[in-house]
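# Chains, contacts and geometry: an overview
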Amino acid sequence: MLDNGHSFVMAYDAQLVDMSQVVPGGNPEAIVTGFVLQELDMSRNVVLQWRSWDHFEITETGPEIDLTGEHIDYVHGNTIEVESDTSILISSRNMHEVTKIHRNTGEIIWRLGGSQNQFTFLGADTLRFNRQHDSRRQSTGEISIFDNGTTRPEPQFSSVPVFDLDTEEMTATL
């Protein structure tokens, strides 16, 4: 819920996809789950709808997702962070990515992490975040990310890396 009476809704959108046309050995009748977010006004009219199907490729998911399986959750969106009147952040757990989206057009502004990462990581973050939740813009301008760390080698551990993003140089400093 937002101060202006608007609200955001997240939904998972399962569709039948012939994955044999996408990856070798893919299931021709796979159920692939995408991600949809909507911003609703006070009268529940949709003022923004954003669909992963329109912006992400199924193959951009994390390496632990079996693209030959019967059920594929390639995005698993789990966080919406309103940054301003013109942008929002979403966290896509199964893509290991935080994405900044233009709130009026739905266009992607940048992608942090995952296979389509646009940033150079600086500092001591040699493990990179994965299977994350709760990406948030801090009052200092940095972005914190709750990193589940479930795909790390033993010992697995969670953490909350905080990144200072330079969107001119496209660097993310831990």
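Reading the values: the criteria
- Residues numbered from 1 in each chain as written.
- Predicted model: local features only at pLDDT ≥ 70, side-chain atom pairs only at ≥ 80, totals over all residues.
- Heavy atoms only, no water.
- Core = buried A, V, L, I, M, F, W, Y, C linked by side-chain atoms within 4.5 Å.
- Buried < 20%, exposed > 50% of the residue type's maximum accessible area, 1.4 Å probe, protein only.
- Helix = DSSP H or I, 4+ residues; strand = E, 2+ residues; numbered from the N terminus.
- Contact = heavy atoms within 4.5 Å.
- Phe/Tyr/Trp six-rings, centres within 6.5 Å; stacked < 30°, edge-to-face > 60°.

Core analysis: the largest hydrophobic core is formed by 23 residues, its most contacted members being Met19, Val32, Leu37, Ile58, Ile72, Tyr74 and Ile90. When contributions to this core are tallied by element, the ones reaching two or more residues are β1 (7–17), β2 (30–40), β3 (46–51) and β6 (87–92). Counting residues per element, this core draws most heavily on β2, which supplies 4 residues. The contact partners of Val32, leaving out residues within four places of it in the chain, are Asp13, Ala14, Gln15, Val17, Met19, Trp53, Ile58, Ile72 and Tyr74.

As a further point, take the packing of aromatic side chains. Taken as a whole, this structure holds 7 aromatic pairs when the rule is applied. Both rings, one in Trp50 and one in Phe56, keep their centres 5.4 Å apart while their planes meet at 70°; by these two values the pair is edge-to-face. The two residues Trp50 and Phe56 agree in class, both being buried. Pairwise contacts between aromatic rings join Phe121, Phe129 and Phe163 into one cluster.

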